[in-house]
Amino acid sequence: MEPFVPQLVYIEPRALEYPLGQELKQKFEDMGLEIRETTSHNQVRGIPGDNELQQYRNAKSTLVVGIRKTLKFDTSKPSAEYAIPLATGCMGHCHYCYLQTTLGSKPYIRTYVNLDEIFEQAEKYMEERKPEITRFEAACTSDIVGIDHLTHSLKRAIEYFGESEYGQLRFVTKFHHVDHLLDAKHNGKTRFRFSINSRYVIKNFEPGTSSFDERLEAARKVAGAGYPLGFIVAPIYRHEGWEEGYRELFERLHQSLDGVNLDDITFELIQHRFTKPAKKVIMKRYPKTKLEMDEEKRKYKWGRYGIGKYVYQTEEASQLETSIREYIHEFFPKAEIQYFT
Ligand code: SF4
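The structure presented is a predicted model; accordingly, all values stated were derived computationally and were not measured. (Residues numbered from 1 in each chain as written. Predicted model: local features only at pLDDT ≥ 70, side-chain atom pairs only at ≥ 80, totals over all residues. Heavy atoms only, no water.)

Chemist: Just give me the short version of the packing of aromatic side chains, but keep the residues and values in it.
Modeler: The way to describe two aromatic rings as a pair is by their centre distance and the angle between their planes. Tallied over the entire structure, the rule returns 21 aromatic pairs. Each ring, one from Phe 73 and one from Phe 136, has its centre 6.2 Å from the other, and the planes form 85°; the classification is edge-to-face. Separated by 63 residues along the polypeptide, Phe 73 in the loop between β3 (62-66) and β4 (75-76) and Phe 136 in strand β8 (residues 134-137) bring together distant segments of the chain. With 5.8 Å between their ring centres and 70° between their planes, Phe 250 and Phe 267 make a pair best called edge-to-face. You can see Phe 250 sitting in helix α9 (residues 242-256) and its partner Phe 267 sitting in strand β12 (residues 266-271), a full 17 residues away along the chain. Accessibility classification places Phe 250 together with Phe 267 in one group, the buried group. One aromatic cluster is present, built from ring pairs that chain together Phe 73, Tyr 82, Phe 119, Tyr 125, Phe 136, Tyr 160 and Phe 161. Above the ring of Phe 212, the side-chain terminus of Arg 252 is found at 4.2 Å from the ring centroid. The ring of Tyr 312 is capped by Arg 298, whose NZ or CZ atom sits 4.0 Å from the centre of that ring. (Phe/Tyr/Trp six-rings, centres within 6.5 Å; stacked < 30°, edge-to-face > 60°. Helix = DSSP H or I, 4+ residues; strand = E, 2+ residues; numbered from the N terminus. Buried < 20%, exposed > 50% of the residue type's maximum accessible area, 1.4 Å probe, protein only. Lys NZ or Arg CZ within 6 Å of the ring centre and 35° of its normal.)

Chemist: I'd love a proper account of the site of the ligand, names of residues and values included.
Modeler: Near the ligand the following residues occur: Cys 90, Gly 92, Cys 94, Cys 97, Leu 99, Asp 143, Lys 174 and Thr 209. Its residues assigned to classes, the shell around the ligand shows four nonpolar, two polar and two charged. (Near = heavy atom within 4 Å. Nonpolar A, V, L, I, M, F, W, Y, C, P; charged D, E, K, R; others polar.)

Chemist: Requested: an account of the sheet that holds strand β1 (residues 8-11), with residues and values cited.
Modeler: Pairing is mixed in the open sheet, where five strands are placed in the order β2-β1-β3-β7-β6. Looking at which strands have only one partner, the edges of the open sheet turn out to be β2 (34-37) and β6 (87-88). Two elements, β1 and β2, share four bridges in a ladder whose sense is parallel. The partner of Leu 8 across the bridge, within β2, is Glu 34. With respect to the sheet, helix α1 (residues 19-30) is in contact with β1, β2, β3 and β7 (109-112), its orientation differing from that of β3 by roughly 150°. (Pairing = 2+ DSSP bridges. Contact = heavy atoms within 4.5 Å. Axes fitted to C-alpha atoms, helices over the stretch in contact; angles between N-to-C directions.)

Chemist: Describe the sheet that holds strand β5 (residues 80-83), listing the residues and the values that go with them.
Modeler: The eight strands lie next to each other as β4-β5-β8-β9-β10-β11-β12-β15, forming an open sheet whose pairing is mixed. What marks the edges here is a single partner per strand, and that holds for β4 and β15 (336-340). Here β5 pairs with β8 via two bridges, running parallel. By the bridge assignment, Tyr 82 is partnered in β8 with Phe 136. Against the sheet, helix α4 (residues 115-129) contacts β5, β8 and β9 (167-173), and its axis sits at roughly 150° relative to β8.

Chemist: With reference to specific residues and values, describe the environment of Glu 163.
Modeler: Looking at the secondary structure, you find Glu 163 in helix α6 (residues 153-163). Separated by 169 residues in sequence, Glu 163 and Phe 332 place their C-alpha atoms 31 Å apart.

Chemist: Describe the pairing of β5, and please don't skip the residues or the numbers.
Modeler: Note: β4 against β5, two bridges, orientation antiparallel. Its bridge partner lying in β5, Thr 75 is registered against Tyr 82. Between β4 and β5, which pair antiparallel in sequence order, lie three residues.

Chemist: An account of the packing of α1 against helix α5 (residues 144-151) is requested, with residue identities and associated values reported.
Modeler: Where α1 meets α5, the axes come as close as 11 Å, and the angle between the chain directions of the two elements is 85°. Relative to α5, the element α1 is oriented roughly perpendicular. Listed contacts from α5 to Leu 20, Leu 24, Lys 27 and Phe 28 of α1 are His 149, Leu 150 and Thr 151. The residue inventory of the contact of α1 with α5, partitioned by class, reads four nonpolar, two polar and one charged. (Parallel < 35°, antiparallel > 145°, perpendicular 65-115°, else oblique.)

Structure, rendered in structure tokens:
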């Protein structure tokens, strides 16, 4: 999979007041990309496409260079205390992705150039909680690694937290373009996680992302650069033959990590869920998807903002959890399983 290159770039004028904004403008000009000006991302107009679906696809390869105005960070349980906003949106096309509903009609990718202001805000949160460690999740609203070869803002964040006393950074990715992050001075404060899944899930639901083997090769490089390593298995999905499919996943993972120190590896486990609004959007954008979203078969769980989600029935969820915990214990006896949700 080639690294992401936007088809179209919008730049907010205020972004040019920041060095990174100017740098990116220059870079995209040198790359020969089409650049348009926009007063604010809400004013992004004229994304090409004859119909909604085409516009959606084109938006996913459109990059908006802007500034982050809201400096109040969202919480990010259970993986971290706060979500640090470095970017929103993603060029991947995972059918189940929750960004489809959270980003609504604005699926383009936005990168923020006022990094110092974002880091100052992070500092305030750390100050409030110290001497407790505060963890920041950088992949709540995007797959940040997938665009960072262009912006290097994640690299700056890694080095920022590398210097901090009470802060830690974490993020997850399905992309393998990690080379520029290998020499970042992380000081062990960043946990670099990769999203992994059974062959069935990757093949059917994750178009536009790096293959399993590419992700694993990147994981080896990252471990070689001394980063604490982790894996998120999400969404855990009950497809036909899921038991064998997930066992094989951990077996392959174990083989691929031959030679990597496995003492400090973490796993996070997230079962598949969907909301009613998400189902509607997914059916529109990926009408041929095989993703099973039958409300009748699921358990309803009340959620934030009054939008409940459909998870597996208690018994089915517990089968998933038990089996996957067993596979992890079998192949990674020293790993920490941080949660199943
Ligand atoms: S890679 Fe992650 S953020 Fe991007 S579409 Fe897939 S699930 Fe969504």
